[in-house]
Amino acid sequence: DSGVTQTPKHLITATGQRVTLRCSPRSGDLSVYWYQQSLDQGLQFLIHYYNGEERAKGNILERFSAQQFPDLHSELNLSSLELGDSALYFCASSTSGGPYEQYFGPGTRLTVT
Amino acid sequence: GIQVEQSPPDLILQEGANSTLRCNFSDSVNNLQWFHQNPWGQLINLFYIPSGTKQNGRLSATTVATERYSLLYISSSQTTDSGVYFCAGDDYKLSFGAGTTVTVRA
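Cut-offs and rules
Residues numbered from 1 in each chain as written. Chains lettered and ligands numbered in written order. Predicted model: local features only at pLDDT ≥ 70, side-chain atom pairs only at ≥ 80, totals over all residues. Heavy atoms only, no water. Contact = heavy atoms within 4.5 Å. Buried area = accessible area lost by both parts, 1.4 Å probe. Salt bridge = Lys/Arg side-chain N within 4 Å of Asp/Glu carboxyl O. Helix = DSSP H or I, 4+ residues; strand = E, 2+ residues; numbered from the N terminus. Nonpolar A, V, L, I, M, F, W, Y, C, P; charged D, E, K, R; others polar. Buried < 20%, exposed > 50% of the residue type's maximum accessible area, 1.4 Å probe, protein only. Pairing = 2+ DSSP bridges.

**Q** Whenever I open this one, the interface of chain B and chain A confuses me. Can you help?
**A** Think of interface size as the accessible area that goes away when the parts come together; that is how it is often given. Taken residue by residue, the interface counts 16 residues in chain B and 18 residues in chain A. A buried area of about 1,400 Å², summed over both sides, lies between chain B and chain A, and 59% of it is on carbon and sulfur atoms. Applying the counting rule to chain B against chain A returns zero salt bridges. Of all the secondary structure elements, the ones that give two or more residues to the side of chain B that touches chain A are strand S4 (31-37) and strand S5 (43-48) of chain B. Per-element tally for the side of chain B that touches chain A: the top contributor is S4(B), with four residues. Class assignment of the residues belonging to the side of chain B that touches chain A gives a composition of seven nonpolar, seven polar and two charged.

The following block contains the structure:
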């Protein structure tokens, strides 16, 4: 158990809908990262938050947004869902904002039908 | 971001065999990790190894930062070692390789 929690574990929804994925980092970690794992794109970095502030964006679509709250948990919002958004979404956390070891949550498996 | 190349893409082992997985990076990295993704999809941290050598049981890893590659050694493989092994590196974010799928047969 990495200490990073993600909910829900599975999510099935229809095209055009909006969902929210939730992540709680390890106790004491200030950084939260979101990654997407799909069959065709592999594991890709989406976005990084450090202590409530956005630090960096990767290949994140405009239909996706995220935030990190004062209690350091983070949410990833996916809207106007398409079939291609079906993927495993991981959250990771690390101690600080620099190049430190990242610990991954169990992931949320999203299926868009 | 950097490009990460892993080899081989697939590896089939008999239980008890040893193997070496390789990871090449297109540029220098300050953060390098090895992961094992189990059949349930969980990413398990194996090593955080920006440079040097580390060992953990039957697994060990070596990173030669100046030459931009890392190696993961699996000794006396067991069926529970099956899964996909990823290396990843960069600075604040991780750029992942495509993975090596390891199948250990009893």
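**Q** I'm lost on the pairing of strand S7 (residues 59-64) of chain B in this one. Help?
**A** On a regular strand, one side chain projects to one face of the sheet and the next to the other, so that they alternate. Residue and element names in this part refer to chain B. Burial of S7 is extensive: five of the six residues sit out of reach of the surface. In this structure, strand S6 (residues 52-56) lies alongside S7, joined through five bridges in antiparallel fashion. Bridge assignment links Gln-55 to a residue of S7, and that residue is Ser-60. In sequence, S6 turns back onto S7 through a hairpin of two residues, with Gly-57 there showing a positive phi of about 65°. Where S7 meets strand S8 (residues 69-74), six bridges bridge the pair, whose relative direction is antiparallel. Of the residues in S8, the one forming a bridge with Thr-63 is Ser-70. Linking two consecutive strands that pair antiparallel, namely S7 and S8, is a turn of four residues; a positive phi of about 60° is found at Arg-68 within it.

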